[in-house]
Amino acid sequence: MEGVNVSTHPEVPGEPTKTGTAILEAATATIQGFGPINKIHQHLCAFHFYGHDMTRQVEAHHFCGHQNEEFRQCLIYDRPDADGRLIGLEYIVSEELFLTLPDDEKKFWHSHEYEVKSGVLFMPSVPGPIQRQDLEKVAKTYGKVIHFWQVDRGDTLPLGIPQVMMALTRDGQLYDNLAQDVEKRFGVSFAEQREKRGYMEGPAHGIHPLANAGGKGIKTLLREVDCKPVESVPRVFV
């Protein structure tokens, strides 16, 4: 698929970090604990597109940690270096957990089988055999992604309503120039990885028909409603 989307990294407005702030951060880093952050154990690179607009495709760097064997959570940045913007998050669940979700919830989740088997989801700098040990599991999972910062349109701050994102499900969706840009910068070959991952399998029950927005697209909207007091709650609290 041809397109114009390329990796973007808008400048955030504001004064440069001052020396005093940097010293304070260094001091607190030696004192405080960072339990949730320290559980992050892997870096995955993939691509997302807006649930309502496949033409808007974004490079997404996931920094993930397991809660257990069936659930992991990821912070998503637009680039992997120290200056990366936190643009969203993803929850990844096993097929078993996904199947417990209500049907009206399943549409928000996307499958990972194509992403993995096509080679476009990868772990930068990690040798292929080690990657494949984990990606065999990821191919069977489902993910729910929310992006808060629309860096693809050049926003310098996280503006607008958080949006549900989707993932690639078939050939011809990913922009060629976006794929080639990532392959060049990270020294990877999606075609080579596709060949080596051909033996992998997706969900045991096949990709659920309600996943991936049911193939219809999905958009987060904001609507105003009348906020009426709840009779059972004292008015001071509503």
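Per an unreviewed UniProt entry, the protein is named Oil body-associated protein 1A, and its organism is Anisodus tanguticus. Under the heading Sequence similarities (unreviewed entry), UniProt records this for the protein: "Belongs to the OBAP family."

Visitor: Would you take a moment to explain the pattern of salt bridges for this structure?
Guide: Between side chains of opposite charge, pairing is possible as soon as their charged atoms come close. Taken as a whole, this structure holds 12 salt bridges when the rule is applied. Asp155 is the partner of Arg153 in a salt bridge, and the nearest nitrogen-oxygen pair spans 2.7 Å. Owing to a relative accessible area of 47%, Arg153 belongs among the partly exposed residues under this scheme. The class of Asp155 is buried, set by a relative accessible area of 10%. Counted as one network, the salt bridges with shared partners bring together Glu59, Asp181 and Arg185.

Visitor: Quick question: what am I supposed to make of the packing of aromatic side chains here?
Guide: The relative placement of two aromatic rings is captured by the distance of their centres and the angle of their planes. Throughout the structure, instances matching the rule amount to six aromatic pairs. Among the aromatic side chains, those forming a connected cluster through ring pairs are Phe47, Phe122, Phe186 and Phe190. The ring of Tyr50 carries Arg56 above its face, with NZ or CZ at 3.8 Å from the centroid. One Lys or Arg, Lys106, reaches over the ring of Phe98 and ends 5.9 Å from the middle of that ring.

Visitor: How do you make sense of helix 7 (residues 176-186) when you look at a structure like this?
Guide: Since one α-helical turn is 3.6 residues long, residues separated by three or four positions face the same way. Burial in helix 7 covers these residues: Leu178, Ala179 and Val182. Viewed along the axis of helix 7, the buried residues span an arc of 100°, placing them on a single side of the element. Turned more than 90 degrees away from the buried face of helix 7, the exposed residues are Gln180 and Lys184. Turning to helix 7, the residues buried within the fold contact strand 1 (42-50), strand 2 (53-68) and helix 8 (190-196). Looking one or two residues beyond helix 7, the residue adopting positive phi is Gly187, at roughly 65°.

Visitor: What is the right way to look at the state of the cysteines in this model?
Guide: Put plainly, a disulfide is one covalent bond tying together the sulfur atoms of two cysteines. Under the defined criterion, the tally for this structure stands at one disulfide. Across the disulfide from Cys64 sits Cys74; the S-S distance is 2.1 Å. Disulfide Cys64-Cys74: the torsion about the S-S bond is 105°, which places it as right-handed. Note that Cys64 is positioned in strand 2 and Cys74 in strand 3 (residues 71-77), a separation of 10 residues in sequence. Cys74 matches Cys64 in its accessibility class, with the two residues each being buried.

Visitor: Where do I start with the nonpolar core in this structure?
Guide: The nonpolar side chains of a soluble globular protein tend to be buried, and buried together. Residues Phe47, Val120, Met166, Leu168, Leu174, Val182 and Phe190 are the most contacted members of the largest nonpolar core, which totals 18 residues. Looking at this core, the elements with two or more residues in it are strand 1, strand 7 (163-167) and helix 7. Ignoring anything within four residues of it in the chain, the contact list for Leu168 reads Phe47, Phe49, Tyr114, Glu115, Val120, Gln173 and Leu174. Ranked by size, the runner-up nonpolar core spans 12 residues in total, among them Ala46, Leu121, Leu135 and Ala139.

Visitor: Is there a simple way to explain unusual backbone geometry in this structure?
Guide: For residues that are not glycine, phi is negative in most cases, and the peptide bond is trans in most cases. In this structure, Asn212 is a non-glycine residue whose phi angle is positive, near 55°. Following the sequence through the fold, Asn212 ends up in the segment after helix 8. Judged by relative accessible area, which is 16%, Asn212 ranks as buried. Positive phi, normally seen in glycine, also occurs at Ala213, with a value near 60°.

Visitor: Quick question: what am I supposed to make of the pairing of strand 7 here?
Guide: Side-chain positions along a regular strand alternate between the two faces of the sheet. Most of strand 7 is tucked away: five of the five residues are buried. Side-chain alternation along strand 7 places Gln163, Met165 and Ala167 on one buried face and Val164 and Met166 on a second face that is also buried. One ladder, built from three bridges, connects strand 1 with strand 7; its direction is antiparallel. Paired with Tyr50 across the bridge in strand 7 is Met165.

Visitor: What exactly am I supposed to notice about the environment of Tyr77 here?
Guide: Within the secondary structure, Tyr77 sits in strand 3. Between the C-alpha atoms of Tyr77 and Leu89, which are 12 residues apart in sequence, the distance is 8.5 Å.

Analysis parameters
- Numbers given for residues are sequential positions, taken from 1 along each chain in its written order.
- Residue-level local features of this predicted model are given only where pLDDT is at least 70; pairs of side-chain atoms are given and counted only at 80 or more, and the full residue set underlies all totals for whole chains, interfaces and linings.
- Working from all heavy atoms in the structure, the side-chain values ignore hydrogens and water.
- UniProt positions are given in the numbering used here, feature names are shortened, and annotations may be inferred rather than shown by experiment.
- Criterion for a salt bridge: a side-chain nitrogen of Lys or Arg within 4 Å of a carboxyl oxygen of Asp or Glu.
- Accessible area is worked out with a 1.4 Å probe on protein chains only. A residue is then buried under 20% of its type maximum, exposed over 50%, and partly exposed in between.
- When the centres of two rings from Phe, Tyr and Trp lie within 6.5 Å, Trp using its six-membered ring, the rings pair. Their planes under 30 degrees apart give stacked, over 60 give edge-to-face, and anything left gives tilted.
- Charge-over-ring placement is defined geometrically: NZ (Lys) or CZ (Arg) within 6 Å of the ring centre, and within 35 degrees of the ring normal.
- In DSSP terms, a helix is any run of H or I states spanning at least four residues, a strand is any run of E spanning at least two, and both are numbered starting from the N terminus.
- Here the arc refers to the directions that run from the helix axis out to each C-beta atom.
- Note on definitions: a residue-residue contact is assigned when non-hydrogen atoms from the two residues lie within 4.5 Å.
- Only a pair of cysteine sulfur atoms within 2.5 Å counts as a disulfide in this structure description.
- What makes a nonpolar core is a set of buried Ala, Val, Leu, Ile, Met, Phe, Trp, Tyr and Cys residues whose side-chain atoms join them at distances within 4.5 Å.
- Strands are treated as partners if at least two bridges between them are detected by DSSP.

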